[in-house]
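What the coordinates show
Single-letter residue listing:
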Amino acid sequence: YGLLAIGVAVGFLLLLLGRIIDQGHTAFYAHTVTLPVYMDPARVDRAYPQGTNFEQLVAEQQLRRMGEQDDASGAKATAMRGLFSSELKFTAAERIQKQPGLIGQTVMIAAPASDDADLYFKGEISRATPADQRRLSDQQIDWLDRMKADGHVSAHFNTALFTKGDSTEPELAGVLGAVIGSALMLLVTALIAIPLGVGAALYLEEFAPKNRLTDIIEVNINNLAAVPSIIYGLLGLALFINWLHLPRASPLVGGLVLALMALPTIIIATRSSLKAVPPSIREAALAMGASRTQTVFQHTLPLAMPGVMTGAIISMAHALGETAPLLLIGMVSFVPGIPHSVVEPTGALPSLVYIWENASERAFHERTAAAILVLLAFMIVMNAAAILLRRRFERRW
């Protein structure tokens, strides 16, 4: 029965990971469309290239290249523009700004395919699907097939996923802002929770008198470890934002909330590690003339440190994956860009997963699974570090 239970658990774990990998592996590569563009001097603004409508320019030239004629309403040009990401205009404007001499010449411009075009190249959108159930028309699919046949489409590793922050356009969205936001929150959490947690455990285990008050404190610490994380989010909202007026959705507030949540775990793990040190160590130190403080900080705590570090790292990994407290302090909002301090609004990996999964664009769903894989990688690394530290420094008595 035990082996059967383990087998079922492993099977469900493999099923979960397999489903996430199957859904998210396509987010790690993307498609780029490279097209020749004539920088028409009559339409390109030399003084202010950013004001040029490069998307319309590229769409019209590509239509002519394919032998298509736009109608009076410009519907075909609009449909062609929908195949390219808005990054196209910034790429072209940057080229002209750096090299104004390119005006009047034909330049090869590379731009990410739009989210729908990228999904089509990945096989996520099929021509066999009824036209009213997909966002690409038959004509747009024909254009994509012709561009791919002409060698204008190339697949590459999606570096934007790891080098850019969140975006309203799926093909430009990345996890860097959320990764840095999570790292800043964990830094604040570690700086607050670990010293306080270890100090409280040392006092309760080594110095505090055994009376009714300490018994009540111990019971409450054990109870706090079982409190739902959303309660800590409500506490952070009331205490840090509404009362102390700290910046909403900042790593500082997130770190403070996660520190409150991690404290009971660190205290319990540290006390267990201190209890595991044999009493003979303390008695030998005291017999040699060491004071109680010297005994604790020079003998007991160093020997218990592997367990202390393991408990601290595991509590940090647990805090990294928390979502509910972050949603209550405002980290569910769309925050583009990369944070540079602990008081700037930012996102976190768990909240980014929540935001992307609720987005309407289909391309965000594959990026949701990719963000989950990044989050799992962080947690695996942290748990592996805890195991290695325990095995490296652990002593058996």
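Now for a quick tour of the structure. This structure is a prediction, so every number in the text was calculated from the model and none was measured.

In this section: the overall build of the chain. Counting its regular elements, the chain contains 16 helices and three strands. Taking the principal axes of its C-alpha atoms as reference, the chain extends roughly 95 × 55 × 35 Å. The proportion of buried residues among the 397 residues of the chain is 44%. Once local pairs closer than 6 in sequence are excluded, the contacts in the chain between residues at least 24 apart make up 75%. Split by element, the accessible area of the chain, about 20,100 Å² in all, is 63% carbon and sulfur. On the chain, the mean spot of the 31 positive side-chain charges and the mean spot of the 33 negative ones are 8 Å from each other.

Okay, the packing of helix α11 (residues 251-276) against helix α13 (residues 292-320) next. In contact at an axis separation of 8 Å, α11 and α13 are set at 150° when each is read in the N-to-C sense. With respect to α13, the element α11 is oriented roughly antiparallel. Crossing geometry of α11 relative to α13 is assigned as right-handed. Between α11 and α13, the contacting residues are L258, M261, A262, T265, I266, A269, T270, S273 and L274 on the first element and T300, L301, A304, G307, V308, G311, A312, S315, M316, H318 and A319 on the second.

This part covers the sheet that holds strand β1 (residues 29-38). The strand order β2-β1-β3 describes an open sheet built from three strands, whose pairing is antiparallel. In this open sheet, the two strands that pair with only one neighbour each are β2 (106-112) and β3 (153-157). Adjacent strand axes in the sheet meet at a mean angle of 30°, parallel and antiparallel pairs treated alike.

At a minimum axis separation of 7 Å, helix α1 (residues 2-24) and helix α16 (residues 363-393) run at an interaxial angle of 130°. Here α16 runs oblique to α1, going by the angle between their axes. Pair α1 / α16 crosses with left-handed handedness. For the pair α1 and α16, the contacting residues are L17, I20, I21, Q23 and G24 in the first and H365, E366, A369, A370, I372, L373 and L376 in the second. Classifying every residue of the contact of α1 with α16 gives eight nonpolar, three polar and one charged.

With the rule as written, the count across this model stands at four aromatic pairs. Residues Y120 and F121 carry aromatic rings whose centres are separated by 6.0 Å and whose planes lie at 55° to one another, so their mutual orientation is tilted. There is no split in this pair, since Y120 and F121 are both buried. Seen from their ring centres, W356 and F364 are 5.9 Å apart, and the 35° between their planes marks the pair as tilted. Exposure remark for W356: the relative accessible area of 1% places this residue in the buried category.

Turning next to the side chain of K122. For K122, the location among the structural elements is in the loop between α5 (115-121) and α6 (138-149). One polar contact links K122 to D118, side chain to side chain, over a distance of 2.8 Å. Filtering out sequence-adjacent residues up to four positions away, K122 remains in contact with T26, A27, Y29, A30, H31 and E366.

Only one face of β2 is covered, namely the face carrying V107, I109 and A111; the face carrying T106, M108, A110 and P112 is uncovered. Bridging between β1 and β2 involves seven bridges; their strand directions are antiparallel. By the bridge assignment, V37 is partnered in β2 with V107.

In terms of nonpolar packing, the biggest core is built from 51 residues, with V175, I329, M331, L349, W356 and M382 touching the most fellow members. One finds V58, A77, L83 and L144 within the second-largest nonpolar core, a separate group that totals 38 residues.

Looking now at the pattern of salt bridges. Taken as a whole and judged by the stated rule, the model has 17 salt bridges. A salt bridge links E366 to R367, with the nearest nitrogen and oxygen atoms 2.8 Å apart. Because the salt bridges share partners, they merge into one network encompassing D118, K122, E366 and R367.

Criteria and thresholds
- Residues numbered from 1 in each chain as written.
- Predicted model: local features only at pLDDT ≥ 70, side-chain atom pairs only at ≥ 80, totals over all residues.
- Heavy atoms only, no water.
- Helix = DSSP H or I, 4+ residues; strand = E, 2+ residues; numbered from the N terminus.
- Buried < 20%, exposed > 50% of the residue type's maximum accessible area, 1.4 Å probe, protein only.
- Contact = heavy atoms within 4.5 Å.
- Areas by Shrake-Rupley, 256 points an atom, 1.4 Å probe, with all protein chains shown as cover.
- Lys, Arg positive; Asp, Glu negative; His and termini not counted.
- Charge placed at Lys NZ, Arg CZ, Asp CG, Glu CD.
- Axes fitted to C-alpha atoms, helices over the stretch in contact; angles between N-to-C directions.
- Parallel < 35°, antiparallel > 145°, perpendicular 65-115°, else oblique.
- Left-handed = near helix turned anticlockwise from the far one by under 90°.
- Pairing = 2+ DSSP bridges.
- Nonpolar A, V, L, I, M, F, W, Y, C, P; charged D, E, K, R; others polar.
- Phe/Tyr/Trp six-rings, centres within 6.5 Å; stacked < 30°, edge-to-face > 60°.
- Polar contact = N/O pair within 3.5 Å; in protein donor to acceptor, adjacent residues only side chain to side chain.
- Core = buried A, V, L, I, M, F, W, Y, C linked by side-chain atoms within 4.5 Å.
- Salt bridge = Lys/Arg side-chain N within 4 Å of Asp/Glu carboxyl O.

Treat this as a map of the structure, not an account of what it does.
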